[in-house]
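Descriptive structure summary
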2 protein chains.
Amino acid sequence: MSEVDIFKALADPTRRAVFERLADGEKNATELREGFSLSQPAMSQHLAVLRSAGLVAEQKSGRHVHYRVNPDGLAQLHQWLHRYRAFWPQRVDELKQLLREMDQ
Amino acid sequence: MSEVDIFKALADPTRRAVFERLADGEKNATELREGFSLSQPAMSQHLAVLRSAGLVAEQKSGRHVHYRVNPDGLAQLHQWLHRYRAFWPQRVDELKQLLREMDQ
DNA sequence: CCGATACATAAGCATAGACTTATGTTAGTC
DNA sequence: GACTAACATAAGTCTATGCTTATGTATCGG
């Protein structure tokens, strides 16, 4: 997993939509396809990209494979963004709000 | 400028390196090429991508064009990441440190 | 154990993207 | 006003990538 992989993985709109779905809760590959007009292999390939980027994790259960958000990828992305914190001072208030939420 | 544009722009290692350079300080297109083995048009095209993604801003000055980091792009990226804050609680301490730095 | 289900993998194709050389345009220099 | 420097844009090429169909491999139900 590297920054390159993460940005490349999220550059594709379909993969971002898949990731968004997983943020709502764990789902298997078939459930993830609902609503998308995508072949099964296409989804499988997208999931492989997200997985190798460290953005999602898989867990096999019988013949199903459950996917969920892997915090590692987001943490990596956050760390990258953090390097440029000097350029977004206008977001301090939002961050403070975030911390208040997290402290609860 | 959209999320797609931002992730696509940052997916390319060269463009991320260019962006990183600009974070050190404003530079023109010729200065940015130093150290890279890239043709002038290639750099120009990369800058166009970063610009249309809202990640850099340009300012013409004579026959030079000065580029600098545009906070809007980073803000957009930060906002996207913020939607998934539930998945990175382990970074609370880093964020608190960040806010302490920013408050100074 | 046999068909169906839930995937992954392989191979082929068509478009997108990163690069090149060539050229255009505007601003400084003499 | 020619010449050069600092860019942008155009056109062509080659590779990466996202998709498809076809196939392989477990697992579950009857």
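Residues numbered from 1 in each chain as written. Chains lettered and ligands numbered in written order. Predicted model: local features only at pLDDT ≥ 70, side-chain atom pairs only at ≥ 80, totals over all residues. Heavy atoms only, no water.

Turning our attention to the overall build of chain A. The helix and strand inventory of chain A stands at 6 helices and 3 strands. Per-residue burial over chain A gives 38% buried out of 104 residues. The contacts in chain A between residues at least 6 apart in sequence include a share of 51% that link residues at least 24 apart. Per element, the accessible surface of chain A, about 5400 Å² overall, is 44% carbon and sulfur. (Helix = DSSP H or I, 4+ residues; strand = E, 2+ residues; numbered from the N terminus. Buried < 20%, exposed > 50% of the residue type's maximum accessible area, 1.4 Å probe, protein only. Contact = heavy atoms within 4.5 Å. Areas by Shrake-Rupley, 256 points an atom, 1.4 Å probe, with all protein chains shown as cover.)

On to the pairing of strand β3 (residues 64-69) of chain B, then. All names here are of chain B. Bridge count between strand β1 (residues 27-28) and β3: 2 bridges; the pairing is antiparallel. Pairing of N28 across the sheet is with H66, part of β3. As judged from the 6 bridges shared by strand β2 (residues 56-61) and β3, these two strands associate in the antiparallel manner. What sits directly across from E58, in β3, is Y67. Between β2 and β3, which pair antiparallel and follow one another directly, the connecting turn spans 2 residues, one of which, G62, has a positive phi of 65°. (Pairing = 2+ DSSP bridges.)

The contact between helix α5 (residues 71-82) of chain A and helix α5 (residues 71-82) of chain B brings their axes to 11 Å, and the two run at 155°. With respect to α5(B), the axis of α5(A) lies roughly antiparallel. Our pair here, α5(A) against α5(B), has a crossing hand that is left-handed. In this structure, α5(A) uses L74(A), L77(A), H78(A), W80(A) and L81(A) to contact α5(B), whose residues at the interface are L74(B), L77(B), H78(B), W80(B) and L81(B). Of the residues in the contact of α5(A) with α5(B), the class split is 8 nonpolar, 2 polar and no charged. (Axes fitted to C-alpha atoms, helices over the stretch in contact; angles between N-to-C directions. Parallel < 35°, antiparallel > 145°, perpendicular 65-115°, else oblique. Left-handed = near helix turned anticlockwise from the far one by under 90°. Nonpolar A, V, L, I, M, F, W, Y, C, P; charged D, E, K, R; others polar.)

All names here are of chain A. The tally for this structure, following the rule as stated, stands at 4 salt bridges over all chains. When the shortest N-O distance is used, the salt bridge between R51 and E58 registers 3.5 Å. E58 gets classed as partly exposed once you look at its relative accessible area, which sits at 38%. (Salt bridge = Lys/Arg side-chain N within 4 Å of Asp/Glu carboxyl O.)

Moving on, we come to the confidence of the model for chain A. Should the pLDDT be low somewhere, the predicted coordinates at that spot are not to be read in detail. Scored by pLDDT, chain A comes out at a mean of 88, with 83% of its residues at no less than 70. Per-element averaging of pLDDT across chain A places helix α6 (residues 92-103) of chain A at the bottom with 59 and helix α4 (residues 40-52) of chain A at the top with 98. (pLDDT = per-residue confidence, 0-100.)

Attention now moves to the protein's contact with DNA strand D. The environment of DNA strand D is formed by 24 residues, the closest being S39(A), H46(A), T30(B), S44(B) and Y67(B). By atom count, sugar and phosphate contribute 62% of the portion of DNA strand D lying within 4 Å of the protein. Contact between DNA strand D and R15(A): a phosphate oxygen at 3.1 Å from a side-chain N or O atom of the residue. Between DNA strand D and N28(B), the relevant distance is 3.3 Å, taken from a phosphate oxygen to a side-chain nitrogen or oxygen of the residue. When contributions to the surface near DNA strand D are tallied by element, the ones reaching two or more residues are α2 (13-24) and α4 of chain A together with α3 (29-33), α4 (40-52) and β3 of chain B. Here the surface near DNA strand D takes 5 residues from α4(B), the largest share from any one element. (Near = heavy atom within 4 Å. Polar contact = N/O pair within 3.5 Å; in protein donor to acceptor, adjacent residues only side chain to side chain.)

What follows concerns the protein's contact with DNA strand C. In the vicinity of DNA strand C, 23 residues are found, and the nearest of them are T30(A), S44(A), Y67(A), S39(B) and H46(B). The share of sugar and phosphate among atoms of DNA strand C within 4 Å of the protein is 57%. The contact in question runs from a base oxygen of DNA strand C to an N or O atom on the side chain of R63(A), over 3.1 Å. Contributing elements (two or more residues each) for the surface near DNA strand C: α3 (29-33), α4 and β3 (64-69) of chain A together with α2 (13-24) and α4 of chain B. Considering every element that reaches the surface near DNA strand C, the biggest residue donor is α4(A), with 5 residues. For the surface near DNA strand C, the class distribution of residues is 6 nonpolar, 11 polar and 6 charged.

This paragraph deals with the nonpolar core. L55(A), W80(A), L55(B) and W80(B) are the most contacted members of the largest nonpolar core, which has 46 residues in total. Non-local contacts of L55(A), meaning those with residues more than four positions away in its chain, are made with I6(A), A9(A), L10(A), F19(A), L50(A), R68(A), V69(A), N70(A), G73(A) and L74(A). (Core = buried A, V, L, I, M, F, W, Y, C linked by side-chain atoms within 4.5 Å.)

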